[in-house]
Amino acid sequence: ERAVACCCLSANLWLQYLAFVDHRLKNVELSLEIHEKAVRNCPWSSDLWVSYLRAVERRGTKSPESSKSMLDKQQQVISRALSSFFR
């Protein structure tokens, strides 16, 4: 947490932190929050956007929310990713 606070523009550091959260802590909600921070700080990183989409998909398979709301969230993330490249 301290490392990404200090070097918040490092996409590789965010990816390493997210890998830790996803594989060690296995907390999907926390992962989504951190993905949101990561893409806000590094919107140019396609790897972070792909990771964010995968996290949204994992959340959909682990929570009882409808597939429509998961699809809506995925479409929202894709739209944000595409718009961040054209600013």
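By convention here, each chain's residues receive numbers from 1 onward along its written sequence. For this predicted model, a pLDDT threshold of at least 70 governs which residues receive local features, and a threshold of 80 or more governs which side-chain atom pairs are given and counted, while totals over whole chains, interfaces and linings are taken from all residues. With hydrogens and water stripped out, all remaining heavy atoms of the structure feed into the side-chain values.

Trainee: Quick one: what's the story with a nonpolar patch on the surface, residue by residue and with numbers?
Mentor: Distance thresholds for patches are 9 Å for like charges and 5 Å for nonpolar side chains (Val, Leu, Ile, Met, Phe, Trp, Tyr), applied to residues having over 30% relative accessible area and no salt bridge. For the accessible areas, the method is Shrake-Rupley and the probe is 1.4 Å, while residue cover comes only from the protein chains on display. By definition here, a salt bridge exists when the distance from a side-chain nitrogen of Lys or Arg to a carboxyl oxygen of Asp or Glu is within 4 Å. Together, L9, W44 and F85 give the surface a local cluster of nonpolar side chains, amounting to about 350 Å² of exposed area. Numbering of helices and strands runs from the N terminus, with a helix taken as a DSSP run of H or I at least four residues long and a strand as a DSSP run of E at least two residues long. Within the fold, W44 resides in the loop between helix 3 (28–41) and helix 4 (46–62).

Trainee: Give me the lowdown on the packing of aromatic side chains, citing residues and values where you can.
Mentor: Between the rings of Phe, Tyr and Trp (Trp by its six-membered ring), a pair exists once the centres lie within 6.5 Å; its type follows the angle of the planes, with under 30 degrees stacked, over 60 edge-to-face, and the other angles tilted. Using the criterion set out here, one finds 2 aromatic pairs in the structure. For the ring pair W14 and Y17, a centre distance of 6.5 Å and an interplane angle of 45° mean the geometry is tilted. Of this pair, W14 and Y17 both sit in helix 2 (residues 11–25), 3 residues apart, which is roughly one turn of that helix. Judged by relative accessible area, which is 17%, Y17 ranks as buried. For each residue, the accessible area found with a 1.4 Å probe, counting protein chains only, is set against the maximum for its type, and the residue is called buried under 20%, exposed over 50%, and partly exposed in between.

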